[in-house]
Amino acid sequence: YKALDRALVRFHQKKMEDINKSIRELWTKTYKGEDIDNIEIKSEHEGEDSAGRRKQSYRVVMKKGDTTLDMRGRCSAGQKVLASLVIRLALAESFCINCGILALDEPTTNLDTANIESLAAAIIEIITARKQQANFQLIVITHDEEFIATLRTEMAAQAGASMPEHYWRISREEVGQGKFYSKIDKIPMDQLQ
């Protein structure tokens, strides 16, 4: 039991190191502000529950120089969105390396233009790194067609990035008397402004 417990603790520490390494790399690539150098997840042991199982608590902290502060209540909405995306991407890299789908729902909400552009560049790096994976597919759900255009521009700028041929636009159309239906259009990427 003790050997297994020590092995689990070491595995947890190693995974947290890997996740935080990915978070730091992604944050450095994507965040264009000057007030946060990097972010990471802090894990703290809180003892055992009534059944004797380990309890861990996790919190996201931001660092500037030698100062570390909890992000909760101290960052903007855009910083929260970007931190959430970066953490999810790092978790996917650590635990879902063979998972073929990366889905992002409204990834540009509350982000400024510089952070949108750097997020697009980071996503393209992930796509380029995973292009050898036969089952990889990126799904971006967004109202922000400028972000899609930025992704397209970033893909065109990076050698070796395969260009998507089309995207899907879903819209709602009224058929009369307050009734609506969804319309799905397949749009060639070269028609995107």
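Here is what the cut-offs are and how they apply
- Think of each chain on its own: its residues are numbered from 1, step by step along the sequence as written.
- Where totals are concerned, whole chains, interfaces and linings use all residues; where local detail is concerned, this predicted model gives features only for residues with pLDDT of at least 70, and gives and counts side-chain atom pairs only at 80 or more.
- As a rule here, side-chain values cover all heavy atoms of the structure and leave hydrogens and water aside.
- Put simply, DSSP H or I for four residues or longer makes a helix, DSSP E for two residues or longer makes a strand, and each gets a number counted from the N terminus.
- Put simply, the radius of gyration uses C-alpha atoms, and a globule should come to 2.2 Å times the residue count raised to 0.38.
- Residues are treated as being in contact if the distance between any of their heavy atoms lies within 4.5 Å.
- Scored from 0 to 100, pLDDT records how confident the predictor is in each individual residue.
- What a helix is expected to span follows from its residue count: subtract one and scale by 1.5 Å.
- Exposure classes here rest on a 1.4 Å probe applied to the protein chains alone. A residue is buried below 20% of its type maximum, exposed above 50%, and partly exposed in between.
- The criterion for strand pairing is that DSSP finds at least two bridges linking the strands in question.
- The criterion for an aromatic pair is that two Phe, Tyr or Trp rings (for Trp, the six-membered ring) have centres within 6.5 Å, with stacked assigned to planes under 30 degrees apart, edge-to-face to planes over 60 apart and tilted to the rest.
- Only lysine NZ and arginine CZ atoms are considered, and such an atom sits over a ring when it is within 6 Å of the ring centre and within 35 degrees of the ring normal.
- For this analysis, a nonpolar core means a set of buried residues of the types Ala, Val, Leu, Ile, Met, Phe, Trp, Tyr and Cys, connected via side-chain atoms within 4.5 Å.

1. Regarding the overall build of the protein chain
Link 1 in the chain: Secondary structure assignment for the protein chain yields four helices and seven strands.
Link 2 in the chain: Since a compact globule built from 193 residues should have a radius of gyration of about 16 Å, the 20 Å found for the protein chain marks it as more spread out than a globular shape.
Link 3 in the chain: Each of the three principal axes of the protein chain carries a C-alpha extent, and together these read 65 × 40 × 40 Å.
Link 4 in the chain: Long-range pairs, those at least 24 residues apart, make up 56% of the contacts in the protein chain between residues at least 6 apart in sequence.

2. Remarks on the confidence of the model for the protein chain
Link 1 in the chain: Mean pLDDT over the protein chain works out to 84, with 95% of the residues at or above the 70 mark.
Link 2 in the chain: Of all helices and strands in the protein chain, the one with the weakest mean pLDDT is helix H3 (residues 113-129) (80), whereas strand E3 (residues 67-70) scores best (91).

3. Some remarks on H3
Link 1 in the chain: Look at H3: 24 Å from first C-alpha to last across 17 residues, which is about the 24 Å you get at 1.5 Å a residue.
Link 2 in the chain: Taken residue by residue, H3 has Asn 115, Ile 116, Ser 118, Leu 119, Ala 120, Ala 122, Ile 123, Ile 124, Ile 126 and Ile 127 as its buried positions.
Link 3 in the chain: Tucked into the core, H3 has its buried residues touching helix H1 (2-30), helix H2 (77-95), strand E4 (101-105), strand E5 (137-141) and helix H4 (145-157).

4. Re the environment of Ala 90
Link 1 in the chain: You can see Ala 90 is positioned in helix H2.
Link 2 in the chain: Judged by relative accessible area, Ala 90 falls into the buried class, the value being 0%.
Link 3 in the chain: The spacing of Ala 90 and Glu 154 is 64 residues in sequence and 21 Å in space, taken between C-alpha atoms.
Link 4 in the chain: Ignoring sequence-local partners within four residues, the contact set of Ala 90 consists of Ile 19, Ser 22, Ile 23 and Leu 26.

5. Focus on the pairing of strand E7 (residues 179-188)
Link 1 in the chain: Across 10 bridges, the pairing between strand E6 (residues 166-176) and E7 is antiparallel. Directly across from Glu 173, in E7, lies its bridge partner Tyr 181.
Link 2 in the chain: Between the antiparallel neighbours E6 and E7 lie two residues, among them Gln 177 with a positive phi of about 55°.

6. Section: the packing of aromatic side chains
We describe a pair of aromatic rings using the distance from one ring centre to the other and the angle between the two ring planes.
Link 1 in the chain: Counted according to the given criterion, the structure contains one aromatic pair.
Link 2 in the chain: When the ring of Trp 27 is compared with that of Tyr 31, the centres are 4.6 Å apart and the planes differ by 20°; the resulting orientation is stacked.
Link 3 in the chain: Residue Tyr 31 is classed as buried on the basis of its relative accessible area, which comes to 11%.
Link 4 in the chain: In this structure, Lys 15 packs its charged tip against the face of Phe 95, placed 5.1 Å from the ring centre.
Link 5 in the chain: One cation-aromatic arrangement involves Arg 172 over Phe 180; the distance from NZ or CZ to the ring centre is 4.0 Å.

7. Observations regarding the nonpolar core
Link 1 in the chain: One finds Ile 23, Trp 27, Ile 39, Phe 147 and Leu 151 to be the most contacted residues of the largest nonpolar core, which totals 41 residues.
Link 2 in the chain: Going through the elements one at a time, H1, strand E1 (38-48), H2, E4, H3 and H4 are the ones with two or more residues in this core.
Link 3 in the chain: Once residues lying within four places of it in the same chain are set aside, the contact partners of Leu 151 are Ala 120, Ile 123, Ile 124 and Val 140.

8. Details of unusual backbone geometry
Link 1 in the chain: At Glu 106, a position not held by glycine, the phi torsion is positive, near 50°.
Link 2 in the chain: The residue Glu 106 is located in the loop between E4 and H3 in this model.
Link 3 in the chain: Of note in this structure, Gln 177 is not a glycine but carries a positive phi near 55°.
Link 4 in the chain: Within the element layout of this structure, Gln 177 appears in the loop between E6 and E7.
Link 5 in the chain: Judged by relative accessible area, which is 80%, Gln 177 ranks as exposed.

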